[in-house]
Amino acid sequence: MSDNSSATQFVRNAISSPRAGLTWGLIGVVAFSFTVPFTRVALGGLSPLFIGSGRAVIAALLAVAALALTRQRFPRGIQWARLAVVAGGIVVGFPLLTSYALTTTPASHAAVVIALLPAATAVLVVIRGRERPPVAFWVMAIIGAVVAVVFASLQSGGFGHLTLSDLLLFGAVVAAAIGYAEGGLLARELGAWQTVSWTLVVAAPLMIVLAAVAWVQQPPTGTPIEWAAFGYLGVVSMFLGFFAWYRGLAIGPMAQVSQVQLVQPVLSILWAALLLGEELTWATILGGVAVVLCAGIAVRTRLNRSTVTPPTRASDAASDPAPDTALSPTRQTN
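Now for a description of the structure that goes with this document.

## Some words on the pattern of salt bridges
Summed over all chains, the structure comprises two salt bridges. One salt bridge in this structure joins Arg82 and Glu182, with 2.6 Å as the shortest N-O distance. Placement of the pair is Arg82 in helix α5 (residues 78-101) and Glu182 in helix α9 (residues 164-190), with a sequence separation of 100 residues. Overall, Glu182 belongs to the buried group, its relative accessible area being 8%. Between Arg82 and Glu189 there is a salt bridge whose closest N-O contact spans 2.9 Å. Of this pair, Arg82 sits in helix α5 while Glu189 is found in helix α9, placing the two residues 107 residues apart along the sequence. The exposure class of Glu189 is partly exposed, given its relative accessible area of 27%. In the salt-bridge network here, residues are joined through shared partners; they are Arg82, Glu182 and Glu189.

## What to know about a nonpolar patch on the surface
A cluster of nonpolar side chains, Leu280, Trp282, Ile285, Leu286, Val289 and Leu293, forms an exposed patch at the surface whose accessible area comes to about 630 Å². Relative to the helices and strands, Leu280 resides in the loop between α13 (264-276) and α14 (282-308). What makes Leu280 partly exposed here is its relative accessible area of 40%.

## Here's the deal with unusual backbone geometry
Phi is positive for Arg71, which is not a glycine, with a value near 55 degrees. Relative to the helices and strands, Arg71 is located in the loop between α4 (48-69) and α5. In this structure Arg71 comes out as exposed when scored by relative accessible area, which is 77%.

## What to know about the packing of helix α3 (residues 35-42) against helix α11 (residues 224-251)
At a minimum axis distance of 8 Å, the contact between α3 and α11 shows a crossing angle of 140 degrees. At the point where α3 passes α11, the crossing takes the left-handed sense. Facing Thr35, Phe38, Thr39, Val41 and Ala42 of α3, the residues of α11 in contact are Ile225, Glu226, Ala229, Phe230, Tyr232, Leu233 and Ser237. Considered class by class, the residues forming the contact of α3 with α11 number eight nonpolar, three polar and one charged.

Criteria and thresholds
Residues numbered from 1 in each chain as written. Predicted model: local features only at pLDDT ≥ 70, side-chain atom pairs only at ≥ 80, totals over all residues. Heavy atoms only, no water. Salt bridge = Lys/Arg side-chain N within 4 Å of Asp/Glu carboxyl O. Helix = DSSP H or I, 4+ residues; strand = E, 2+ residues; numbered from the N terminus. Buried < 20%, exposed > 50% of the residue type's maximum accessible area, 1.4 Å probe, protein only. Patch = residues over 30% accessible without salt bridge, like charges linked within 9 Å, V, L, I, M, F, W, Y side chains within 5 Å. Areas by Shrake-Rupley, 256 points an atom, 1.4 Å probe, with all protein chains shown as cover. Axes fitted to C-alpha atoms, helices over the stretch in contact; angles between N-to-C directions. Left-handed = near helix turned anticlockwise from the far one by under 90°. Contact = heavy atoms within 4.5 Å. Nonpolar A, V, L, I, M, F, W, Y, C, P; charged D, E, K, R; others polar.

Structure below.
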């Protein structure tokens, strides 16, 4: 079959559609939704420093194997610095900050606070990726973020009262947003899974040192269930989940796909209730419903604009790179 055949063109168009980006993003979100509850489980016998760093070491070993077996080309020049930025956000910042926050806060509470992440990512995407979502998109994203802040305040003892755990979670959100935005752009150049793999390799030396320090300071004494939860964090949360997530961001539009993650807190709350027996309060339920509605409206708004109103100027087209660039055979081999 020739590369220019109608069948090939149809497949590329189908894969590169905005709905394909949403699908890949949703798969990643489902994988990530277990992260907070399983971190809470692992904390029963493992230190937060060991969980945050050790899971990155496991993922880095898998990344090295995948890169070596597929003989991926090395990143070049400034790409190494950009990978370091991504690593600082999603390999170092988010795992460590959430691990420490979850030592004193319920998983369901943390899940709703982390609902700020899509809005924060969208801001970074607009600044870094030059995407321009409509006003309605921003309105719903802001409402979702406000709901998360109000929820955190009320659950922490009253409006405007935030605990140290909340501040750690907000810091984790900022770190992850930076990593997601820059990683989504890099995925268009290096490929989705290649980006997360190289990111893990860049962070590996630091995370190995931190894991060794954590082991010496507080030797792990986890049960089989706690070790299984830790294994999930290393294999899925830190590695396989990002395959789908960065593929979705690479297909884009990035600001639209990022909003799918507003569904994540609701899933995490559900897992926290089922796996940890945490009580579902009306405040938690209403907060979860609110952010899901915001996500649905925001995604629908951005999707309708992307499919109905194509760019009319060359400058507009240049501001939203072609989605299938991340799926080019020279950049994506999975």
